[in-house]
Amino acid sequence: MGTGASRNAEGGSHGGEEREESLDQAGGQLYVSLKMENYKKKGDLIPHVYGSVPIVGSWDSSKALSMERESASMWELSFVVPPNHETLDFKFLLKPKYGYAPCIVEEGPNRLLTGGTLQGDARLALFRLDNEEVLEYRVFIKADRVSPFDLAASWRAYQDNLRPSTVRGIPDVSINAVPEAGLEEMEVVSGMVESKSVVTISPLQKQDSHRGLFVDRGVGSPRLVKSMSATTFTFDLKLDSETKNSMPAAAGAVAAAAVADQMLGPKEDRHLAIVLVGLPARGKTFTAAKLTRYLRWLGHDTKHFNVGKYRRLKHGTNQTADFFRADNPEGVEARNEVAALAMDDMIAWMQEGGQVGIFDATNSSRSRRNMLMKMAEGKCKIIFLESICNDERIIERNIRLKIQQSPDYAEEPDFDAGLRDFRNRLANYERVYEPVEEGSYIKMIDMASGHGGQIQVNNISGYLPGRIVFFLVNTHLTPRPIFLTRHGESCDNVRGRIGGDSVLSDTGEIYAKKLANFVEKRLKSERAASIWTSTLQRTILTASPIVGFPKIQWRALDEINAGVCDGMTYEEIKKNMPEEFESRQKDKLRYRYPRGESYLDVIQRLEPVIIELERQRAPVVVIAHQAVLRALYAYFADRPLKEIPHIEVPLHTIIEIQMGVTGVQEKRYKLMD
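Summary of the structure given here. Bear in mind the structure is a predicted one, so any value in this text is a computation, not a measurement.

## Some thoughts on the overall build of the chain
1) Next: Helix and strand content of the chain: 19 helices and 28 strands.
2) Next: Per-residue burial over the chain gives 55% buried out of 673 residues.

## Considerations on empty space enclosed by the protein
1) Next: Under the definition given, this model contains seven cavities of 30 Å³ or more.
2) Next: Roughly 160 Å³ of internal volume is contained in the largest cavity.
3) Next: The wall of the largest cavity is formed by 15 residues, among which R282, T287, M444, M447 and A448 lie closest to the centre.
4) Next: Secondary structure elements with two or more residues in the lining of the largest cavity: helix 6 (284-297) and strand 20 (381-388).
5) Next: Per-element accounting of the lining of the largest cavity gives the leading share, three residues, to helix 6.
6) Next: Here the residues of the lining of the largest cavity are counted per class, giving seven nonpolar, five polar and three charged.

## Observations concerning the pattern of salt bridges
One side chain can pair with another of opposite charge once the charged atoms of both are near each other.
1) Next: What the rule picks out here adds up to 32 salt bridges.
2) Next: A salt bridge links R111 to E106; the nearest nitrogen and oxygen atoms lie 3.0 Å apart. Neither R111 nor E106 differs from the other in exposure class; each is buried.
3) Next: Because the salt bridges share partners, they merge into one network encompassing R366, R369, E434, E437 and E438.

## Points about the packing of aromatic side chains
1) Next: Throughout the structure, instances matching the rule amount to 15 aromatic pairs.
2) Next: For the pair F323 and F324, a centre-to-centre distance of 5.2 Å together with 80° between the ring planes defines the contact as edge-to-face. For the residue pair F323 and F324, the accessibility class agrees, reading buried in each case.
3) Next: Pairing F518 with Y669 gives two aromatic rings, centres 5.0 Å apart and planes at 55°, and the pair type is tilted. Placement of the pair is F518 in helix 14 (residues 506-522) and Y669 in strand 28 (residues 663-670), with a sequence separation of 151 residues.
4) Next: You can call F518 buried: its relative accessible area is 15%.
5) Next: Put simply, the rings of Y39, W75, F127 and Y137 pair up and form one aromatic cluster.
6) Next: In this structure, K443 is placed above the aromatic ring of Y441, and the distance from its NZ or CZ to the ring centre is 5.4 Å.
7) Next: The ring of Y633 has R668 sitting right over it, with the charged end atom 5.3 Å from the ring centre.

## Considerations on unusual backbone geometry
1) Next: Not every positive phi belongs to a glycine, and N38 is a case in point at roughly 65°.
2) Next: One can find N38 in the loop between strand 1 (29-37) and strand 2 (45-51).
3) Next: Classification of N38 as partly exposed rests on a relative accessible area of 44%.
4) Next: With a phi close to 55°, D446 is a non-glycine residue in the positive phi region.
5) Next: Position of D446 relative to the elements: it lies in the loop between strand 21 (440-445) and strand 22 (454-458).

## So, the sheet that holds strand 19 (residues 356-360)
1) Next: A sheet is described by the order of its strands in space; here six strands give the open sequence 18-19-17-20-21-22, paired in mixed fashion. Of all strands in the sheet, those with a lone pairing partner are strand 18 (302-306) and strand 22, marking the two edges. Taken over all neighbouring pairs, the strand axes of this sheet differ in orientation by 15° on average, direction set aside.
2) Next: Inspection of the sheet shows strand 20 paired to strand 21 by six bridges, in the parallel sense. Residue pairing for strand 21: S387 is matched across the bridge by M444.
3) Next: Together, strand 18 and strand 19 form the strand contacts of helix 7 (residues 307-315), whose direction differs from that of strand 18 by roughly 45°.

## Observations regarding helix 19 (residues 626-637)
1) Next: Helix length check: helix 19 (12 residues) gives 16 Å between terminal C-alpha atoms against 16 Å at 1.5 Å per residue, within 8%.
2) Next: Positioned one or two residues after helix 19, D638 has a phi angle of 55°, which is positive.

## So, the side chain of K588
1) Next: Turning to its location among the elements, K588 is positioned in the loop between helix 17 (578-586) and helix 18 (599-615).
2) Next: Here K588 occupies a buried position and makes no salt bridge, while the nearest side chain of opposite charge, D587, is found at 10 Å.
3) Next: In this structure, K588 is in contact with Y599, R630, P645 and H646, ignoring residues within four places of it in sequence.

## So, the environment of I603
1) Next: Positionally, I603 belongs in helix 18.
2) Next: Under the relative-accessibility criterion, I603 is labelled buried at 1%.
3) Next: Each C-alpha atom, one on I603 and one on R630, is 9.6 Å from the other, the two residues being 27 residues apart in sequence.

## What to know about helix 7
1) Next: Where helix 7 is concerned, the buried positions are V307, G308, R311 and R312. For helix 7, the angular spread of buried residues about the axis comes to 140°, placing them on one side. What points out from helix 7, more than 90 degrees from its buried face, is the exposed set K309 and L313.
2) Next: Contacts made by the buried residues of helix 7 are with strand 18, helix 8 (329-351), strand 19 and helix 11 (415-432).
3) Next: By the N-cap criterion, in which a side-chain oxygen at the helix start approaches the backbone nitrogen of a residue two or three places on, helix 7 is capped by N306, the distance to G308 being 2.8 Å.
4) Next: Remark: G316 follows helix 7 within two positions and exhibits a positive phi of approximately 85°.

What counts as what
- Residues numbered from 1 in each chain as written.
- Predicted model: local features only at pLDDT ≥ 70, side-chain atom pairs only at ≥ 80, totals over all residues.
- Heavy atoms only, no water.
- Helix = DSSP H or I, 4+ residues; strand = E, 2+ residues; numbered from the N terminus.
- Buried < 20%, exposed > 50% of the residue type's maximum accessible area, 1.4 Å probe, protein only.
- 1 Å grid on protein atoms, 1.4 Å probe; cavity = no way out; pocket = protein on both sides within 12 Å on 5 of 7 lines; lining within 4 Å.
- Points joined across faces, edges and corners; volume = space filled by probe spheres on them.
- Nonpolar A, V, L, I, M, F, W, Y, C, P; charged D, E, K, R; others polar.
- Salt bridge = Lys/Arg side-chain N within 4 Å of Asp/Glu carboxyl O.
- Phe/Tyr/Trp six-rings, centres within 6.5 Å; stacked < 30°, edge-to-face > 60°.
- Lys NZ or Arg CZ within 6 Å of the ring centre and 35° of its normal.
- Pairing = 2+ DSSP bridges.
- Axes fitted to C-alpha atoms, helices over the stretch in contact; angles between N-to-C directions.
- Contact = heavy atoms within 4.5 Å.
- Expected span 1.5 Å × (residues − 1).
- Lys, Arg positive; Asp, Glu negative; His and termini not counted.
- Arc of directions from axis to C-beta.
- Polar contact = N/O pair within 3.5 Å; in protein donor to acceptor, adjacent residues only side chain to side chain.

Dropping the structure here:
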């Protein structure tokens, strides 16, 4: 049993002034991580934290935040302290996760954290049970400052001695190197910098001028570092071919961000309504579907509310263009009524626990938007997302797709008659359209083509709105295929061992040749296509017979880190580590290998891969690993998080994902038994 608590400067207050000063200079918000070691569950009691307003309101134990099991021996909770509450007091307590009693509060005075420094003497957490039994547990308290964008990069991953991977000694993405002489002096995080590559940052990203680290989500990956004065980011690499791949205890930024969203700002900001605005045939519903899929994949409870569905349910599908005239009072009243019904449903869903509602309608008048803002007052935060398109070619394509696919015209046998009616409907909207100038908003101007365009933002702040803007900057409607495939069978596959970095078996080498033939035939006219692999040699060897296309190696595509279980069979884990085996069987999504990763960690580090796949306009072949491809496939197929560990991704099979204006379609090609 340890003798004291731990934080960045473990125990006591030595060095507190220096620590507080460095935090103040760093900028951003105070991010706190609390851990409890060696707690064994007592019945249904699990560790919680409660305290002053920044954590949960006013010492109400019924609203205490539960700690989550990080590993077999550690429980953890992370949260962000709002800037106006940088002094907080709190305590640990034991209680059921779903219920109020019994509640056992730790002995002793409150713990006080001021500006990231723990005040007073460090101590164990002591709990006295009804039978006078005393439980003692060592606790760890860490604090640092991060920006909202850093939250998406797993603060703990770089705090817990994150070191660059040394599997191949290469950066996450192969980018054209530039001479060091042309670079400004860059801040070095750890070790010596042996090579640097420039990463272009969009103007939107440059708005985030905080000082500190912008950390890549790849486990064991090089970190992006920004100096105090530089306007570009560089890779910070430490190449060491003699050491093994580092295995940091990467944590779940998804969970941390969810806690941050609940605690930052007024109560209504815990729920976010993305209210779409725009003329018909501008891609609003397509954007809503993509954004819903992205946020769900990140772990945010998100739902798409399409007002058109409410209208059709209440008034039928046979409404002509006259129904949508602004000088038709009955039509205006009917449309406002169904919009209010949809808004009521969305707010009710949020009050039951939903986090992000996407409200899909034209919402083209200021009066309609004012009605929605009034309904949302005190209940959720509204951000308007306006789609503006001036490309007549894209508008015409969308109009024709609308006639072919919209339920409004399903009973119209004459395509030309439907086309005339829709053009009249569009003209009715255009006559009274009022662009968004009020409240918080994001304007997407000519973004659909993928050839530039603009994004304008007004009064946008916070973790989740920031992620949404970043996603929208990189998305477009250009049709293109993405091919997902596992590496060819490896020698470790044959032996039933997980992880490792083995070469291909004879069967795997045959698959590599078959894959090369498939790619050559399927993409012979797509010279801008590219091949993406992990940094592990079984994917690199699988890609080696493919010629004529650039190959990019991503450390973020490496297989799930099995930590201390790397190289073992599942039978060996069951025999030698029965508790770990049982924990994994109970919850494969959240289970984290000791000193390794969980599926949620993999999702988190794959976010930059998803963003880059969305940004690409040419085909991409991704050669990776089972857990990684399960997570990528779940994004495109909009599968729930809980299903990810059980998605079938067999060896020697290609999954083709076709992305375009009509959504996502899938084909599978089995090249070998």
